[in-house]
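A structural walkthrough
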Amino acid sequence: MHDRLLMRMPTGIPSLDPVLDGGVPPGSVVLLLGEHGAGNVEFVQTSLMHLTRLKRAGQTGGERLLVPPSISYVTITRMREDILREVALSFSPDLYDQLGEGILFHDLSEFYFDASIVPPSWYGAGTAMERLQKKQRREGGGILAELAGVLKVLPEDGLIVLDSLTDITPSLAECEDWHTFIAFLRGLQRAAKNWNCTIFLLLASGILDRSRELEIADCVDATFIFQWEESGAQRRQRVMYFGKFRGVMTRLEDKNLVKFAVSISAKGGFEVRNIRMVV
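So, here's what we can say about the structure.

Calculation criteria
Residues numbered from 1 in each chain as written. Predicted model: local features only at pLDDT ≥ 70, side-chain atom pairs only at ≥ 80, totals over all residues. Heavy atoms only, no water. Phe/Tyr/Trp six-rings, centres within 6.5 Å; stacked < 30°, edge-to-face > 60°. Helix = DSSP H or I, 4+ residues; strand = E, 2+ residues; numbered from the N terminus. Buried < 20%, exposed > 50% of the residue type's maximum accessible area, 1.4 Å probe, protein only. Core = buried A, V, L, I, M, F, W, Y, C linked by side-chain atoms within 4.5 Å. Salt bridge = Lys/Arg side-chain N within 4 Å of Asp/Glu carboxyl O. Axes fitted to C-alpha atoms, helices over the stretch in contact; angles between N-to-C directions. Parallel < 35°, antiparallel > 145°, perpendicular 65-115°, else oblique. Contact = heavy atoms within 4.5 Å. Nonpolar A, V, L, I, M, F, W, Y, C, P; charged D, E, K, R; others polar.

Digging into the packing of aromatic side chains
- All chains considered together, the criterion is met by 12 aromatic pairs.
- Pairing Phe-43 with Phe-224 gives two aromatic rings, centres 5.8 Å apart and planes at 85°, and the pair type is edge-to-face. A residue pair is termed long-range when its members are at least 10 positions apart, and Phe-43 in helix 2 (residues 40-56) and Phe-224 in strand 6 (residues 222-230) qualify at 181 residues.
- Residue classification places Phe-43 among the buried positions, given a relative accessible area of 0%.
- The class of Phe-224 is buried, set by a relative accessible area of 0%.
- The interplanar angle of 70° and the centroid separation of 5.9 Å between the aromatic rings of Phe-226 and Phe-270 together place this pair among those described as edge-to-face. Taken together, the positions of Phe-226 in strand 6 and Phe-270 in strand 9 (residues 269-276) put the pair 44 residues apart, joining distant regions of the chain. There is no split in this pair, since Phe-226 and Phe-270 are both buried.
- Three or more aromatic residues joined by ring pairs make a cluster, and in this case those are Phe-43, Phe-200, Phe-224, Phe-226, Phe-242, Phe-245, Phe-260 and Phe-270.

Description of the nonpolar core
- Phe-43, Phe-224, Met-240, Phe-242 and Phe-245 are the most contacted members of the largest nonpolar core, which totals 43 residues.
- Within the second largest apolar cluster, 37 residues are counted, among which are Leu-151, Ile-160, Leu-188 and Leu-201.

What about the pattern of salt bridges?
- One pass over the structure, following the stated rule, counts 8 salt bridges.
- For the salt bridge of Arg-78 with Asp-82, the shortest nitrogen-to-oxygen distance reads 3.1 Å.
- Connected via shared salt-bridge partners are Arg-78, Asp-82 and Glu-86.

Side note on the packing of helix 7 (residues 143-151) against helix 9 (residues 177-195)
- As a packed pair, helix 7 and helix 9 sit with axes 12 Å apart at the nearest point and diverge in direction by 5°. Classified by the interaxial angle, the pair formed by helix 7 and helix 9 is roughly parallel. Contacts between helix 7 and helix 9 involve Leu-144, Leu-147, Ala-148 and Leu-151 from the former and Thr-180, Phe-181, Phe-184, Leu-188 and Trp-195 from the latter.
- Its residues placed into classes, the contact of helix 7 with helix 9 shows 8 nonpolar, 1 polar and no charged.

Note that all results are geometric; they support no functional claim without further evidence.
Okay, here's the thing in structure tokens:
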């Protein structure tokens, strides 16, 4: 039992995993809450690039490290090709080479856009009759039901990226469905333990009221917050800090490993630098 509790799933980010004693505890739901451009998207992209390279090399991680045997990327509105193209434009080929071959993509955009005024020709594939048949099959539940259906059949022991809560939370925040959404997150947090999966949830900060952000943060195991800070001479610096980290936070605070300056480059991707104490 004790050995299992010491297991870590690497984030794949070389400058961060040693700080976390190898990574995050498997079964963790991690909220990546970030200001626009502050680094939460690049965090995920860098993690995926490095982990897929480890998988291709056949590395399993050793006794205490669990390199995820599967990586699943669930997108609400974006196409697989769009995501891969963004990574290719942002980073060196040495990092993103063969990225798409190591990730299983699940695209829920047809379900999402079917409930909007967006013309089917903008997002759908197939004939008009085929799109109508798909739409009729999906009318039995909302986007959360569709999302739950995808998540529950994904492989165990893996990494799951949900891109992005920003797509669905604004429309839920002002209606009765918000309580359903919070129940969904709490259920997901429990299920992740049974699946032994690490789940990254992307969310743009400032989209929701602060109280709504706190409700979401209360449903997860860890919250990584990405922000811009003024660093003097009219320059801005990206920073990352842990809002919460169940089972890990006390160890980090004992070592003053709480707040990090962040750099992002085409060659290295997302990196954390000069650790600072939060005051």
